[in-house]
Amino acid sequence: MKTQRPLFSLLTLLSPPLLLLILLRPTAAAAYSAPASNSTDFIRSSCGATLYPELCYTSLAGYASAVQEDPARLARVAIAVSLTRARSAARYLLNVSRRADYGPDPRAAAAAHDCVSVFGDAADQIHGSLRQMRRLGSGGESLQFQMSNVQTWMSAALTNEETCTDGFEDVGDGDVKTGVTERVVKVKQVTSNALALVNSYASKVTTP
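Just so it is clear, the model here is predicted, and its values are computed rather than measured.

> Can you tell me about the environment of Ala-122, naming the residues and giving the values?
One can find Ala-122 in helix H6 (residues 106-134). You can call Ala-122 buried: its relative accessible area is 0%. Distance in space between the C-alpha atoms of Ala-122 and Leu-83 is 8.7 Å, their sequence separation being 39 residues. Excluding residues that lie within four positions of it along the chain, Ala-122 makes contacts with Ala-157, Asn-160 and Glu-161.

Here it is in structure tokens:
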């Protein structure tokens with residue numbers, strides 16, 4: 001069985017709400033405050049472009065005051081929410097993999113350990129996307145290049161999350177498979193929504 005890599009940086013020591021407060025702290029661009037109804041309507045409308053619009057809205061509506069009616073901020077919030085979900089799932093997977101080592105099905109244990117690895121990669125990629133979103137327009141790089149990076153990393157993160165569930169296809173039904181797949185599917189949906197919002201914003205800033 002392969003050695004597990006370190007999953008996260010010091011950000012893992014922060015609770016999800018605190019992490020979001022740090023990552024989404026107001027910037028100079030947030031010079032006005034849009035009415036809450038306008039902001040939530042904007043989020044609901046934007047979520048229409050995602051595969052899971054109701055999940056998109058319920059997971060992001062609480063950040064309406066931070067998003068206002070800014071598609072870049074909405075994409076950034078969606079990525080941050082995706083990161084907290086991925087980090088939470090990774091902690092769950094780590095615990096499951098440790099328990100599975102003592103279980104009756106070695107294939108389930110191996111699949112769980114593979115999930116730990118790919119979710120570590122996914123969290124790193126989502127975190128990289130979030131860092132890039134916070135630096136848009138800076139660093140001497142074009143906005144198009146920066147958004148291309150975000151799209152690539154978020155797409156790779158979703159692929160890694162899908163790799164986790166794919167690894168359980170040949171594993172017999174059981175508590176490990178059921179628990180992991182149910183948890184990971186929810187994370188994949190949030191990540192898919194974030195990627196859709198990233199793509200939507202990218203299309204606005206890269207179209208001549």
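> An account of the state of the cysteines is requested, with residue identities and associated values reported.
Evaluated as defined, the whole model comprises two disulfides. Each sulfur in the disulfide pair Cys-47 and Cys-56 lies 2.0 Å from the other. The S-S bond linking Cys-47 to Cys-56 shows a torsion near -70°; that makes this disulfide left-handed. One exposure class covers both Cys-47 and Cys-56, and it is buried. There is a disulfide in this structure between Cys-115 and Cys-164, and the S-S distance comes to 2.0 Å. The sign of the S-S torsion, about 95°, decides the handedness of the disulfide formed by Cys-115 and Cys-164: right-handed. Note that Cys-115 is positioned in helix H6 and Cys-164 in helix H7 (residues 143-166), a separation of 49 residues in sequence.

> Tell me about the packing of aromatic side chains, and please be specific about residues and values.
Taken as a whole, this structure holds zero aromatic pairs when the rule is applied. If you follow Arg-44 out to its NZ or CZ, it ends over the ring of Tyr-57, 3.7 Å from the centre. Its end group placed over the ring of Tyr-92, Arg-183 keeps NZ or CZ at 4.7 Å from the ring centre.

> Can you lay out a negative patch on the surface for me, pointing to particular residues and giving the numbers?
Taken together, the side chains of Glu-162, Asp-166, Glu-169 and Asp-170 make up a negatively charged region of the molecular surface. By the element assignment, Asp-166 lies in helix H7. According to the relative accessible area criterion, Asp-166 is partly exposed, its value standing at 44%.

> How would you explain the packing of helix H3 (residues 53-60) against helix H8 (residues 175-206) if you had to name every residue and give the values?
Geometry of a packed helix pair, given as the angle between the helix axes and the separation of the axes. Between H3 and H8, the least distance of the axes is 10 Å, while the angle of their chain directions is 85°. Our classification of the angle between H3 and H8 gives roughly perpendicular. Across the interface between the two elements, Leu-55, Cys-56 and Leu-60 of H3 pack against Gln-189, Val-190, Asn-193 and Leu-197 of H8. Here the residues of the contact of H3 with H8 are counted per class, giving five nonpolar, two polar and no charged.

> For helix H5 (residues 71-100), give the residues involved together with the corresponding values.
Its 30 residues place the ends of H5 42 Å apart at the C-alpha level, agreeing with the 44 Å of an ideal helix rising 1.5 Å per residue. For H5, a buried count of 22 out of 30 residues is recorded, marking the element as mostly surrounded by other parts of the structure. Where H5 begins, the capping side chain belongs to Asp-70, and its oxygen is found 2.8 Å from the backbone nitrogen of Ala-72.

> An account of the side chain of Arg-73 is requested, with residue identities and associated values reported.
Following the sequence through the fold, Arg-73 ends up in helix H5. Only 3.3 Å separates the side chain of Arg-73 from the backbone oxygen of Ala-66, close enough to count as a polar contact.

> How would you explain H6 if you had to name every residue and give the values?
Compared with the 42 Å implied by 1.5 Å per residue over 29 residues, the 42 Å span of H6 between its first and last C-alpha is a close match. Sitting at the head of H6, Asp-105 places a side-chain oxygen 3.0 Å from the backbone nitrogen of Arg-107.

> Got a sec to walk through the pattern of salt bridges? Specific residues and values, please.
Per the stated rule, a full pass over the model turns up four salt bridges. One salt bridge connects Arg-73 with Asp-70, and the closest N-O pair in it is separated by 3.5 Å.

Basis of the calculations
Residues numbered from 1 in each chain as written. Predicted model: local features only at pLDDT ≥ 70, side-chain atom pairs only at ≥ 80, totals over all residues. Heavy atoms only, no water. Helix = DSSP H or I, 4+ residues; strand = E, 2+ residues; numbered from the N terminus. Buried < 20%, exposed > 50% of the residue type's maximum accessible area, 1.4 Å probe, protein only. Contact = heavy atoms within 4.5 Å. Disulfide = S-S within 2.5 Å. Phe/Tyr/Trp six-rings, centres within 6.5 Å; stacked < 30°, edge-to-face > 60°. Lys NZ or Arg CZ within 6 Å of the ring centre and 35° of its normal. Patch = residues over 30% accessible without salt bridge, like charges linked within 9 Å, V, L, I, M, F, W, Y side chains within 5 Å. Areas by Shrake-Rupley, 256 points an atom, 1.4 Å probe, with all protein chains shown as cover. Salt bridge = Lys/Arg side-chain N within 4 Å of Asp/Glu carboxyl O. Lys, Arg positive; Asp, Glu negative; His and termini not counted. Charge placed at Lys NZ, Arg CZ, Asp CG, Glu CD. Axes fitted to C-alpha atoms, helices over the stretch in contact; angles between N-to-C directions. Parallel < 35°, antiparallel > 145°, perpendicular 65-115°, else oblique. Nonpolar A, V, L, I, M, F, W, Y, C, P; charged D, E, K, R; others polar. Expected span 1.5 Å × (residues − 1). Polar contact = N/O pair within 3.5 Å; in protein donor to acceptor, adjacent residues only side chain to side chain.

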